[in-house]
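As a plain string of letters, each chain reads:
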Amino acid sequence: MRADLDPTAHAEIVAIRKAWRFLGSWQKLAGATLYSSCEPCLLCSFVITQIGSNRVVFAARGTDVPTYKPMLDCDLTKAAAWVNAQPDWFHLEVVSDFMRERALEIINAFPWSQAQTRETVDRPRSIG
């Protein structure tokens, strides 16, 4: 996120943008399954519902991340329950904890105290 200097460049958003460009239309993403290493935040969850994705599979839960701050005390599972109660929204299936133990190993190895500085990441100099 900070390396791209784009605060909306969450992994799910980046994947959706790439798939959109590849397919040529975001409407072609309807019915797709999105896989994520961590539970999508509310920003990503909203975008996922708007493109009509019908399934999200993720490994770690938001609460597994030491810096997790839930907005509106909500997670994707709660958001999906609300979405699925809306008659004119696409149904959203949520599959959690897929390969969660491996995701936890990676999360626990990350230097969270350094990530909290919120300093801008310098772009690497181009070679040549």
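Residues numbered from 1 in each chain as written. Predicted model: local features only at pLDDT ≥ 70, side-chain atom pairs only at ≥ 80, totals over all residues. Heavy atoms only, no water.

Visitor: Quick question: what am I supposed to make of the side chain of Thr49 here?
Guide: By the element assignment, Thr49 lies in helix 2 (residues 42-51). Of the residues examined, Thr49 reaches a relative accessible area of 11% and is grouped as buried. In this structure the side chain of Thr49 is engaged in a polar contact, spanning 2.7 Å, whose partner is the backbone oxygen of Phe46. What Thr49 contacts, discounting residues up to four positions off in sequence, is Val83, Trp89, Phe90 and Leu92. (Helix = DSSP H or I, 4+ residues; strand = E, 2+ residues; numbered from the N terminus. Buried < 20%, exposed > 50% of the residue type's maximum accessible area, 1.4 Å probe, protein only. Polar contact = N/O pair within 3.5 Å; in protein donor to acceptor, adjacent residues only side chain to side chain. Contact = heavy atoms within 4.5 Å.)

Visitor: Whenever I open this one, the nonpolar core confuses me. Can you help?
Guide: Nonpolar side chains in soluble globular proteins generally cluster together in the buried interior. One finds Ile16, Leu29, Leu34, Ile48, Ile51, Val56, Phe58, Leu76, Ala80 and Leu92 forming the largest nonpolar core, which totals 10 residues. Of all the secondary-structure elements, those providing two or more residues to this core are helix 2, strand 2 (55-60) and helix 3 (76-84). The residues touching Phe58, leaving out its near neighbours within four places in the chain, are Ser36, Cys38, Glu39, Pro40, Leu76, Val94, Val95, Ser96, Asp97 and Phe98. (Core = buried A, V, L, I, M, F, W, Y, C linked by side-chain atoms within 4.5 Å.)

Visitor: Is there a simple way to explain helix 2 in this structure?
Guide: One turn of an α-helix holds 3.6 residues; hence residues three or four places apart share an orientation. Looking only at helix 2, the buried set comprises Cys44, Ser45, Ile48, Thr49 and Ile51. Down the axis of helix 2, the sector holding all buried residues measures 165 degrees, keeping them to one side. On its buried face, helix 2 is in contact with helix 1 (11-23), strand 1 (33-38), strand 2 and helix 3. Positioned one or two residues after helix 2, Gly52 has a phi angle of 85 degrees, which is positive. (Arc of directions from axis to C-beta.)

Visitor: Just to check I follow, could you spell out the layout of surface pockets for this structure?
Guide: Take a probe with the size of a water molecule and roll it over the atoms, and the empty space left behind shows itself. Considered as a void within the structure, the second largest pocket measures approximately 180 Å³ in volume. The wall of the second largest pocket is formed by Leu42, Ser45, Phe46, Thr49, Leu72, Cys74, Ala79, Trp82, Val83 and Trp89. When residues of the lining of the second largest pocket are traced back to their parent elements, those giving at least two are helix 2 and helix 3. In terms of residues, the lining of the second largest pocket owes the most to one element, helix 2, which gives four residues. Considering only residue class, the lining of the second largest pocket consists of eight nonpolar, two polar and no charged. (1 Å grid on protein atoms, 1.4 Å probe; cavity = no way out; pocket = protein on both sides within 12 Å on 5 of 7 lines; lining within 4 Å. Points joined across faces, edges and corners; volume = space filled by probe spheres on them. Nonpolar A, V, L, I, M, F, W, Y, C, P; charged D, E, K, R; others polar.)

Visitor: I keep staring at the pairing of strand 1 and nothing clicks. Help me out?
Guide: Note on strand geometry: in a regular strand, side chains alternate between the two faces of the sheet. Bridging between strand 1 and strand 2 involves five bridges; their strand directions are parallel. Bridging from a neighbouring strand, Leu34 pairs with Val56 of strand 2. As for the winding sense of the linkage, the β-α-β connection from strand 1 through helix 2 to strand 2 is right-handed. (Pairing = 2+ DSSP bridges. Right-handed = clockwise from strand over helix to strand, strands pointing away.)

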